[in-house]
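Now for the letters of each chain:
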Amino acid sequence: MDKENILEVRNLHKTFTSKKIVVKAVTDVSFNIHPGETIGIVGESGCGKTTLGRCIARAYQATSGEVWYRTMDGDEVDFLTVEKDQMKKIRKEIQMVFQDPYSSLDPRMTVLDIIKEPLRANYKGIMSDKEMNAKVMDIANRVGLNTTYLKRYPHAFSGGQRQRIGIARALVVDPKIVICDEAVSALDVSVQAQVINLLKDLQREMHLTYIFISHDLSVVEHISDEVGVMYLGRMVEFGRTEELFARPRHPYTEALLSAVPVADPKIEIERIQLKGEIPNPANPPSGCYFHERCSYCQQKCAEEVPPLQHLEGRLVACHRAEELHLRGFSYSE
Amino acid sequence: MDENSILEIKDLNISISMHEGLLTPVRGVNFDMKKGETVGLVGESGCGKSLTCRAILAINDKKCRASGKILYNSDEKGEIDLLMLDPRGKDIRAIRGKDIAMIFQEPMVAFSPLYTIGNQITEATLLHITKDKQKAKEISLDVMKKVGIANAEKRYNQYPHEFSGGMLQRAMISMALVCNPKILIADEPTTALDVTIQAQILELMKEMQKDFNMGILFITHDLGVVAKMCDRVNVMYLGKIVESGTTEKIYEDPEHPYTRGLMGSVHKIGQKKTERLFSIEGTVPLAMNLPRACGFYERCDARIEGLCDREEPDLVEVAPEHCVACFACPHPACQAQRAAAEEMIRREDGRTGGKRG
Ligand SMILES: Nc1ncnc2c1ncn2[C@@H]1O[C@H](COP(=O)(O)OP(=O)(O)OP(=O)(O)O)[C@@H](O)[C@H]1O
Ligand SMILES: Nc1ncnc2c1ncn2[C@@H]1O[C@H](COP(=O)(O)OP(=O)(O)OP(=O)(O)O)[C@@H](O)[C@H]1O
Ligand code: SF4
Ligand code: SF4
Ligand SMILES: [Mg+2]
Ligand SMILES: [Mg+2]
């Protein structure tokens with residue numbers, strides 16, 4: 001592992017097979033993360049963002065690939081194949097906040113028990129119930145949940161509060177890496193801003209590393225240091241946030257950015273129309289997966305899969321990345 | 001009712017009886033929609049947006065009690081108060097789906113998993129437009145093509161689970177549009193979609209609006225989408241409209257402290273990065289046993305103590321097409337309201353010989 005990285009995802013693949021249909025949800029994804037940073041993952045619905053997150057957290061078993069992780073003790077391990085004993089110790093270091101705050105909380109458990117659950121799973125026999133409760137109180141306070149309400153059931157909480165419960169549950173075991181899957185998408189903007197500020201504060205206090213999955217590009221732009229763009233299971237572009245938003249190097253990224261609705265009625269952005277439908281992941285197109293919809297497509301694109309290559313501090317998978325001048329956002333001072 | 005209006009909601013109240021007490025999630029909502037216009041409804045999660053739009057079609061739970069007026073200007077029958085109709089009677093059923101259609105946030109709830117997509121769209125056509133099965137199918141296929149469903153003939157015979165999320169959303173929109181409704185209610189229609197599909201669907205809705213002079217009530221928490229879609233915006237807080245105006249007015253020069261907070265919370269790409277996003281401190285109170293006070297009082301940075309915690313401002317017109325409910329707003333209409341409220345408090349204190357409470 002490179003000394004600067006806390007996580008290195010290498011050639012990760014995940015295929016789902018049901019009724020003889022094989023869906024390649026994640027194909028050959030690789031990227032690195034520096035500790036204390038936030039990586040945003042964006043892309044069309046169904047492109048494999050959740051699957052990627054779940055594979056890293058080992059909520060799904062990846063089909064192949066490696067996820068190298070530098071543990072709290074400084075060991076370098078492949079999180080996907082690490083031995084049982086060590087796994088027990090480090091499993092809690094990578095946690096996930098799930099997509100839906102309404103269905104991911106068990107309605108029959110009190111909020112106290114929901115947040116305590118991961119402690120029970122990881123510290124059984126090591127930590128007393130009293131210590132666990134104290135830890136729950138502490139984290140509940142930090143995420144801004146009123147501790148007098150912890151005996152209540154989730155239905156009595158608003159969307160924003162439930163989101164905080166989900167975050168508290170992920171953070172209570174002191175993880176190093178937190179994977180947030182659409183953690184703020186269901187919230188209105190003012191509550192969203194509260195939760196994002198909270199995530200940033202906690203990141204600083206607890207030195208957390210985030211993988212932030214979202215289809216809201218303005219939120220991703222605000223919170224991420226680096227952004228990965230996925231299309232049909234593949235990472236097609238990866239780079240520093242502002243650079244990528246200012247000058248995309250992949251035609252799909254350009255199309256995605258042009259479709260962002262801007263909160264100003266006077267600004268009309270000319271959207272790049274994508275031709276046709278999202279291809280079927282069970283039967284992906286030849287060559288570049290994007291070629292049927294790409295307005296820069298050439299002969300070669302239909303024949304050869306473009307590899308993910310370095311280009312001026314960026315990773316891009318496009319045959320024409322070097323020559324194309326694509327449009328992004330202009331940054332004002 | 002104004003002849004250019006297609007919908008007028010007057011003093012709509014909705015209450016729900018719960019064992020802890022009476023919930024009043026909608027407390028006197030007023031707004032109107034002109035023919036062919038897109039009206040936005042925005043506001044904090046739980047402020048009563050969905051209850052309000054479901055009341056228009058009389059599809060709220062039985063335990064939700066509504067009062068006030070929901071006037072619909074029907075081409076054939078003139079003015080109808082939808083609240084007066086039996087929610088299960090044939091009058092409202094003739095309007096539902098035909099004159100007024102709704103798109104739900106979650107497309108899965110709009111379709112039954114047991115029937116093909118085509119069947120379900122054609123059913124609406126058979127109910128309202130024609131009894132001829134072949135013709136109904138043709139109309140349905142035509143709309144499916146219009147909403148951009150490629151290979152519509154094949155898709156017609158598929159079941160909901162065979163559609164991707166974005167495609168199902170389009171199928172639902174085609175079901176809503178198949179009878180050329182006069183009013184389309186869209187409750188968070190694109191929240192679950194990514195930006196490219198969202199943009200396609202929004203453009204489609206605009207096109208259909210132009211073709212059929214359809215009015216759209218648009219509910220979303222995405223202020224970028226509102227900016228793109230709406231002619232006028234109603235801002236809702238704790239069951240009331242607190243500000244309404246043209247989209248430009250609301251975005252450029254909002255008057256109500258909540259609207260200002262909401263607009264300030266938006267992060268725009270390309271802006272200079274600040275470490276923290278602006279957000280309104282605190283959370284919305286539960287709409288139960290509310291004191292006589294401005295609903296935003298606890299969180300408001302402009303609040304006037306001794307006034308805002310004792311009286312609730314009404315929504316008053318401060319300029320053509322611009323209404324605000326706030327005592328601190330400098331417009332004469334609001335200041336007149338403030339003076340009247342202060343006078344009332346003075347008299348009340350005089351009677352009780354001191355401050356209330
Ligand atoms: N458990 C599963 N079994 C079979 N197929 C699956 C499963 N989970 C996901 N898929 C498929 O894998 C692909 C990627 O799905 P995934 O949920 O990772 O997408 P996503 O990018 O998170 O989309 P969204 O933005 O809609 O959440 C899709 O084609 C999906 O249908
Ligand atoms: N059937 C019901 N029983 C009890 N309470 C309800 C019911 N339906 C709605 N409520 C409550 O009424 C309030 C308003 O709900 P509504 O669904 O209209 O909110 P909303 O503005 O659409 O919010 P969101 O943006 O989260 O969709 C909420 O506090 C909600 O909990
Ligand atoms: S490789 Fe060709 S088809 Fe693919 S994105 Fe680049 S230009 Fe477009
Ligand atoms: S009436 Fe008072 S509390 Fe309410 S929004 Fe205006 S200033 Fe704030
Ligand atoms: Mg997902
Ligand atoms: Mg709602």
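Residues numbered from 1 in each chain as written. Chains lettered and ligands numbered in written order. Predicted model: local features only at pLDDT ≥ 70, side-chain atom pairs only at ≥ 80, totals over all residues. Heavy atoms only, no water.

A.B. asks: How should I be thinking about the domain arrangement of chain A in this particular structure?
C.D. replies: The extent of an interface is frequently quoted as the accessible surface area lost upon association of the parts. Residues and elements named next belong to chain A. According to the domain assignment, chain A contains domain 1 (7-224) and domain 2 (251-316). Once you take the C-alpha centre of each, domain 1 and domain 2 turn out to be 29 Å apart. With 10 residues of domain 1 in contact, the opposing surface of domain 2 contributes 9 residues. Interface area for domain 1 against domain 2, summed over the two sides, is near 800 Å², with a carbon-plus-sulfur share of 65%. Of all residues in domain 1, Lys24, Glu44 and Leu217 give up the largest surface area on contact with domain 2, accounting jointly for 54% of the area buried on that side. Our count for the contact surface shared by domain 1 and domain 2 stands at 1 salt bridge. Its salt-bridge partner being Arg293, residue Glu44 comes within 3.4 Å of it at the nearest N-O pair. For the pair domain 1 and domain 2, the interface holds 2 residue pairs in polar contact (both at pLDDT 80 or more). (Domains from an automatic or database assignment. Contact = heavy atoms within 4.5 Å. Buried area = accessible area lost by both parts, 1.4 Å probe. Salt bridge = Lys/Arg side-chain N within 4 Å of Asp/Glu carboxyl O. Polar contact = N/O pair within 3.5 Å; in protein donor to acceptor, adjacent residues only side chain to side chain.)

A.B. asks: Explanation requested: the packing of helix 4 (residues 117-128) of chain B against helix 7 (residues 165-177) of chain B in the structure shown.
C.D. replies: Working note: a packed helix pair is described by the angle between its axes plus the distance between those axes. All names here are of chain B. Packing of helix 4 against helix 7 leaves a shortest axis separation of 9 Å and a crossing angle of 20 degrees. Judged on the interaxial angle alone, helix 7 and helix 4 are roughly parallel. Regarding helix 4 and helix 7, the two cross each other, and that crossing is right-handed. Touching Ile117, Gln120 and Ile121 of helix 4 are Leu168, Ala171, Ser174 and Met175, all from helix 7. Tallied by class, residues from the contact of helix 4 with helix 7 come to 5 nonpolar, 2 polar and no charged. (Axes fitted to C-alpha atoms, helices over the stretch in contact; angles between N-to-C directions. Helix = DSSP H or I, 4+ residues; strand = E, 2+ residues; numbered from the N terminus. Parallel < 35°, antiparallel > 145°, perpendicular 65-115°, else oblique. Left-handed = near helix turned anticlockwise from the far one by under 90°. Nonpolar A, V, L, I, M, F, W, Y, C, P; charged D, E, K, R; others polar.)

A.B. asks: How should I be thinking about the interface of chain B and chain A in this particular structure?
C.D. replies: With 48 residues of chain B at the contact, the number on the chain A side is 46 residues. Approximately 4,000 Å² of surface area, both sides summed, lies buried where chain B meets chain A, with 55% of it carried by carbon and sulfur atoms. Summed over the shared surface of chain B and chain A, the number is 2 salt bridges. At the boundary of chain B and chain A, one finds 7 residue pairs in polar contact (both at pLDDT 80 or more).

A.B. asks: Any chance you could explain the pairing of strand 1 (residues 7-18) of chain A here in plain terms?
C.D. replies: Regular strands have side chains that alternate between both faces of the sheet. Residue and element names in this part refer to chain A. Pairing analysis gives 9 bridges linking strand 1 to strand 2 (residues 21-33), with the strands arranged antiparallel. Bridge pairing in strand 2 links Val9 to Phe31. Between strand 1 and strand 2, which follow one another and run antiparallel, lie 2 residues, and Lys19 among them has a positive phi close to 50 degrees. As paired elements, strand 1 and strand 4 (residues 64-70) share 5 bridges and run antiparallel to each other. Across the sheet, residue Glu8 finds its bridge partner in strand 4, namely Trp68. (Pairing = 2+ DSSP bridges.)

A.B. asks: What am I meant to see in the site of ligand 4 here?
C.D. replies: Taken together, His256(B), Pro257(B), Cys294(B), Tyr297(B), Cys300(B), Ala302(B), Arg303(B), Cys308(B), Pro313(B), Cys326(B), Phe327(B) and Ala328(B) make up the full set of residues adjacent to ligand 4. Here the residues of the shell around ligand 4 sort into 10 nonpolar, 1 polar and 1 charged. (Near = heavy atom within 4 Å.)

A.B. asks: Please clarify how the packing of helix 3 (residues 111-123) of chain A against helix 5 (residues 159-171) of chain A should be interpreted in this entry.
C.D. replies: Residues and elements named next belong to chain A. Across the interface, helix 3 lies against helix 5 with an axial gap of 7 Å and an inter-helix angle of 30 degrees. With respect to helix 5, the axis of helix 3 lies roughly parallel. Considering only the axes of helix 3 and helix 5, their crossing is right-handed. Between helix 3, through Val111, Ile114, Ile115 and Pro118, and helix 5, the contact on the second element is made entirely by Ile165, Ala168 and Arg169. Residues belonging to the contact of helix 3 with helix 5 are distributed by class as follows: 6 nonpolar, no polar and 1 charged.

A.B. asks: Quick question: what am I supposed to make of the pattern of salt bridges here?
C.D. replies: Opposite charge on two side chains permits pairing when their charged atoms draw close. Following the criterion strictly, the structure yields 39 salt bridges over all chains and no others. Among the ionic pairs, Arg249(A) bridges to Glu312(A), the shortest N-O distance being 3.0 Å. Here the residue Arg249(A) occupies a position in the loop between helix 8 (241-246) and helix 9 (251-258), and Glu312(A) occupies one in the loop between strand 11 (309-311) and strand 12 (314-316), the gap between them amounting to 63 residues. Among the residues examined, Glu312(A) registers a relative accessible area of 63% and is labelled exposed. Overlapping salt bridges bring together Asp32(B), Lys34(B), Glu37(B), Arg232(B) and Glu321(B) as one network. (Buried < 20%, exposed > 50% of the residue type's maximum accessible area, 1.4 Å probe, protein only.)

A.B. asks: Sorry if this is basic, but what is going on with the domain arrangement of chain B here?
C.D. replies: Residues and elements named next belong to chain B. For chain B, the domain assignment lists domain 1 (5-99 + 181-237) and domain 2 (291-357). Taking the mean C-alpha position of each, domain 1 and domain 2 sit 29 Å from one another. With 5 residues of domain 1 at the contact, the number on the domain 2 side is 5 residues. Summing the contributions of domain 1 and of domain 2, the shared interface buries around 440 Å²; its carbon and sulfur component is 35%. With a closest N to O distance of 3.8 Å, Glu321 and Arg232 form a salt bridge. Listing elements by their share of the side of domain 1 that touches domain 2, those giving two or more residues are strand 2 (21-34) and strand 9 (232-237). In terms of residue class, the side of domain 1 that touches domain 2 is built from 1 nonpolar, no polar and 4 charged.

A.B. asks: Please explain the sheet that holds strand 4 of chain A as it appears in this structure.
C.D. replies: Strands pair in a sheet through their backbones, by hydrogen bonds, and they do so in one of two ways: parallel or antiparallel. Residues and elements named next belong to chain A. Ordered by their spatial adjacency, 4 strands build an open sheet running 2-1-4-5, and the pairing between neighbours is antiparallel. Two strands close off the open sheet at either side, each with one partner strand: strand 2 and strand 5 (76-78). Each neighbouring strand pair of the sheet contributes to a mean axis angle of 25 degrees, computed without reference to strand direction. Packing against the sheet, helix 1 (residues 49-56) makes contact with strand 1, strand 2 and strand 4, and its axis sits at approximately 115 degrees to strand 1.

A.B. asks: Can you help me understand the nonpolar core in this one?
C.D. replies: Most often, soluble globular proteins have nonpolar side chains that are buried together. Among the nonpolar cores identified, the biggest contains 69 residues, and Ile115(A) and Leu202(A) are the most heavily contacted of them. Residue contributions to this core peak at 8 residues, all from helix 6 (residues 189-206) of chain A. For this core, the two domains that each supply at least three residues are domain 1 (7-224) and domain 2 (251-316) of chain A. In this view, Leu202(A) contacts Arg142(A), Val143(A), Ile167(A), Leu171(A), His207(A), Leu208(A) and Tyr210(A); residues no more than four positions away in its chain are not counted. If you look at the next biggest cluster of nonpolar residues, it comprises 68 residues, including Ile216(B), Cys230(B), Ala287(B) and Cys300(B). (Core = buried A, V, L, I, M, F, W, Y, C linked by side-chain atoms within 4.5 Å.)

A.B. asks: Would you explain the pairing of strand 10 (residues 240-246) of chain B in this entry?
C.D. replies: Residue and element names in this part refer to chain B. When you tally the buried positions in strand 10, you get 6 out of 7 residues, the bulk of the element. Taken together, the 6 bridges between strand 9 and strand 10 define a ladder with antiparallel strand orientation. By the bridge assignment for strand 10, Tyr237 is matched with Lys240. Linkage of strand 9 to strand 10, two consecutive antiparallel strands, is achieved through a turn of 2 residues, within which Leu238 is found at a positive phi near 45 degrees. Relative to strand 12 (residues 322-324), strand 10 runs antiparallel, the two being bridged by 2 bridges. The residue of strand 12 that forms the bridge with Ser244 is Cys323.

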